[in-house]
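# Per-entry structural report
Below are the chains, spelled out letter by letter.
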Amino acid sequence: MTLLREVMERPLDPGYAVAARRRTEGAGPTRRGVALTLVLALVCGALTARAIAELRRPQPGAAQAQAALQQEIRRRSAAVDAEQRRLDQLRAQVAQLQRQALATRGGDGLAQEAQLLGLLSAEVPVTGPGLKITMNDAASASTGTGTTDPRATAGAGEERVLDRDLQIVVNGLWAAGAEAIAVNGQRLTARTA
């Protein structure tokens, strides 16, 4: 009950009552208080500026790590290109050996079946009428100063072509009756993830 009585009899904290009485008497903030506030503001500003400068300063190993990563990417890209050339050579060799084997056995039916299986497994290029769809990222909303306006973007990734966008287009093409589909020159099959 004492808490309720205290609230009813003295609704204002004594510290607030003293501050209100000083304000009505015309006693404003003291010079010492204003000076202390200014000093604290300057110290906080200096600390914030120092923190920003430290965060923006490049890390000593960052440039070296970036250069090492770029060199590794170039090295592995060259290795992938070499393996792709080797794969193309082996595929050509297999195709020639297959033709020779089918020619010696005199199997036109086997050759046609091999051709059909090559089409289904995306080993043989297809020809005929086609449709080319080009998907590009949207132009980013910029303020003219080269910075992106965060208010102009609706959400993360909505201005970029994502894997789910390609999946929707490819599934739509399959549903429309496409017989063969390639994405960036890579043929898709029923087993393509």
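Rules used throughout
- Residues numbered from 1 in each chain as written.
- Predicted model: local features only at pLDDT ≥ 70, side-chain atom pairs only at ≥ 80, totals over all residues.
- Heavy atoms only, no water.
- Helix = DSSP H or I, 4+ residues; strand = E, 2+ residues; numbered from the N terminus.
- Buried < 20%, exposed > 50% of the residue type's maximum accessible area, 1.4 Å probe, protein only.
- Contact = heavy atoms within 4.5 Å.
- Areas by Shrake-Rupley, 256 points an atom, 1.4 Å probe, with all protein chains shown as cover.
- Expected span 1.5 Å × (residues − 1).
- Salt bridge = Lys/Arg side-chain N within 4 Å of Asp/Glu carboxyl O.
- pLDDT = per-residue confidence, 0-100.
- Polar contact = N/O pair within 3.5 Å; in protein donor to acceptor, adjacent residues only side chain to side chain.

## A closer look at the overall build of the protein
The helix and strand inventory of the protein stands at six helices and two strands. Traced from its N-terminal end to its C-terminal end, the protein shows the element sequence α-α-α-α-α-α-β-β. Taking all 193 residues of the protein together, the buried fraction comes to 4%. Considering only residue pairs separated by 6 or more positions, the protein has 38% of its internal contacts joining residues 24 or more positions apart. As displayed, the protein has an accessible area near 17,200 Å², and 58% of this comes from carbon and sulfur atoms.

## Points about unusual backbone geometry
Trans peptide bonds make up the majority, and among non-glycine residues the majority have a negative phi. Look at Asn184: it is not a glycine, yet its phi comes out positive at around 55°. Note on placement: Asn184 falls in the loop between strand E1 (181-183) and strand E2 (186-188).

## What to know about helix H2 (residues 14-25)
Taking 1.5 Å of rise per residue, twelve residues should cover 16 Å, and H2 covers 17 Å from first to last C-alpha, within 8% of that figure. Directly beyond the C-terminal end of H2, a positive phi value near 90° is found at Gly26.

## Here's the deal with the pattern of salt bridges
Scanning all chains against the criterion turns up five salt bridges. Across the salt bridge formed by Arg50 and Glu54, the nearest N and O atoms sit 3.2 Å from each other. One end of the pair, Arg50, and the other, Glu54, are both in helix H3 (residues 31-56), four residues apart, so they sit about a helical turn from each other. Overall, Glu54 belongs to the partly exposed group, its relative accessible area being 28%. Of the charged contacts in the structure, one is a salt bridge between Arg57 and Glu54, with a shortest N-O distance of 2.9 Å. A single salt-bridge network, built from bridges that share partners, covers Arg50, Glu54 and Arg57.

## Looking at the confidence of the model for the protein
Scored by pLDDT, the protein has a mean of 82; 87% of the residues are at 70 or more. Predicted confidence in the protein is weakest over helix H5 (residues 108-120), with a mean pLDDT of 75, and strongest over H3, with 91.

## Focus on the environment of Arg76
Considering the arrangement of structural elements, one finds Arg76 in helix H4 (residues 62-105). For Arg76, a relative accessible area of 53% translates into the label exposed. In this structure the side chain of Arg76 is engaged in a polar contact, spanning 2.6 Å, whose partner is the side chain of Glu72.

## Details of the environment of Leu173
With respect to the helices, strands and loops of the structure, Leu173 is situated in helix H6 (residues 163-175). Note: C-alpha distance between Leu173 and Leu131 (42 residues apart in sequence) is 9.7 Å. When neighbours within four sequence positions are excluded, Leu173 is seen to be in contact with Leu131, Ile133, Ala178 and Ile181.

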